[in-house]
Amino acid sequence: MTKTSTSKNNVNLPTHSMFQPKTDIESDAEIDLFYDQIKSKLDGLAKNPQDETINKILAYSRSK
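Residues numbered from 1 in each chain as written. Predicted model: local features only at pLDDT ≥ 70, side-chain atom pairs only at ≥ 80, totals over all residues. Heavy atoms only, no water.

Peer 1: How should the overall build of the protein chain be read in this particular structure?
Peer 2: What the protein chain contains, in helices and strands, is 2 helices and 0 strands. Each of the 64 residues in the protein chain was classed as buried or not, and the buried ones make up 0%. Approximately 6,900 Å² of the protein chain is accessible, and the part contributed by carbon and sulfur atoms is 56%. (Helix = DSSP H or I, 4+ residues; strand = E, 2+ residues; numbered from the N terminus. Buried < 20%, exposed > 50% of the residue type's maximum accessible area, 1.4 Å probe, protein only. Areas by Shrake-Rupley, 256 points an atom, 1.4 Å probe, with all protein chains shown as cover.)

Structural data, given as structure tokens:
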């Protein structure tokens, strides 16, 4: 027979000090900053797709 037990100290549980809740304003600011960093790359993808991407889309549309 196997005996199991659970520790009384919660060493594997995160503590409240590990996490600092952010306000909505801070979260929105981080999202805006991230978007500003990748905006030009996203715009480039939307306006200038690679030929391979266009060919894959056309091939898929013909198969359906």
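Peer 1: Would you mind going over the pattern of salt bridges with me for this structure?
Peer 2: For side chains of opposite charge, pairing can occur when their charged atoms come near one another. Summed over all chains, the structure comprises 1 salt bridge. A salt bridge links glutamate 52 to lysine 56; the nearest nitrogen and oxygen atoms lie 3.3 Å apart. Residue glutamate 52 and its partner lysine 56 are both found in helix H2 (residues 51–63); the two are separated by 4 residues, about one turn of the helix. Accessibility expressed as a relative area gives 48% for glutamate 52, which makes it partly exposed. (Salt bridge = Lys/Arg side-chain N within 4 Å of Asp/Glu carboxyl O.)

Peer 1: For this particular structure, what's the right way to read a nonpolar patch on the surface?
Peer 2: The grouping of Tyr35, Leu42 and Leu45 at the surface amounts to a nonpolar patch, some 310 Å² of accessible area in total. With respect to the helices and strands, leucine 42 occurs in helix H1 (residues 24–47). (Patch = residues over 30% accessible without salt bridge, like charges linked within 9 Å, V, L, I, M, F, W, Y side chains within 5 Å.)

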